[in-house]
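# Observations on the three-dimensional arrangement
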Amino acid sequence: MTNTTMNENQRESTPMIMLRLRSRRDFLRHFFHEGTAGSVFIPGPTQARPGERVKLGLFFEEEQRTFRLRGIVRWKRMTKSKRLPVGMAIELFASESEARDLLLEFAQGRAVD
């Protein structure tokens, strides 16, 4: 489930994209190695535009854990095809590589504080 949350000063602030995942293993289906620090596929329609900087919130329901990262919308798929759903790719900023590594460890079931 995807939710785009805009702050009061929508034009002046960075939009927050929230992705709710059932469990940590679900994240591995959304992450792919494209860009300096990797990218995350966000399914469903959103208001974010390619080239727009965004904050990304990942909420894991089973574990009751949230991760927050920053990135840029690299591409957006507006129409569904047989194998490709509607959605967008958020490329993580290089400065998020440490947070990405922690998130990947968490998704693979390793203990993360």
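You'll find the structure just up there.
The paragraphs below set out a description of the structure included in this document. Because the structure is predicted, anything quoted here is derived from the model rather than measured.

## Here's the deal with helix α2 (residues 97-107)
Every buried residue of α2 is accounted for by Arg100, Leu103, Leu104, Phe106 and Ala107. Along the axis of α2, the buried residues cluster in a sector spanning 155 degrees; they form a single face. Of the surrounding elements, those touching the buried residues of α2 are α1 (27-30), β3 (31-32), β5 (53-60), β6 (65-77) and β7 (87-92). Glycine 109 lies just past α2 and shows a positive phi near 90 degrees.

## A closer look at the nonpolar core
Formed by 24 residues in total, the largest nonpolar core has its most connected members in Phe27 and Leu58. Listed by contribution, the elements that provide at least two residues to this core are β2 (16-21), β4 (39-43), β5, β6, β7 and α2. In contact with phenylalanine 27, not counting residues within four places along its chain, are Leu21, Val40, Leu58, Phe60, Leu103, Leu104 and Ala107.

## Thoughts on the packing of aromatic side chains
Using the criterion set out here, one finds 5 aromatic pairs in the structure. Counting every residue linked through ring pairs, the aromatic cluster contains Phe60, Phe67 and Phe106. The ring centre of phenylalanine 106 lies 5.5 Å from the NZ or CZ of arginine 65, which sits over that ring.

Each value, and the rule that gives it
- Residues numbered from 1 in each chain as written.
- Predicted model: local features only at pLDDT ≥ 70, side-chain atom pairs only at ≥ 80, totals over all residues.
- Heavy atoms only, no water.
- Buried < 20%, exposed > 50% of the residue type's maximum accessible area, 1.4 Å probe, protein only.
- Helix = DSSP H or I, 4+ residues; strand = E, 2+ residues; numbered from the N terminus.
- Arc of directions from axis to C-beta.
- Contact = heavy atoms within 4.5 Å.
- Core = buried A, V, L, I, M, F, W, Y, C linked by side-chain atoms within 4.5 Å.
- Phe/Tyr/Trp six-rings, centres within 6.5 Å; stacked < 30°, edge-to-face > 60°.
- Lys NZ or Arg CZ within 6 Å of the ring centre and 35° of its normal.

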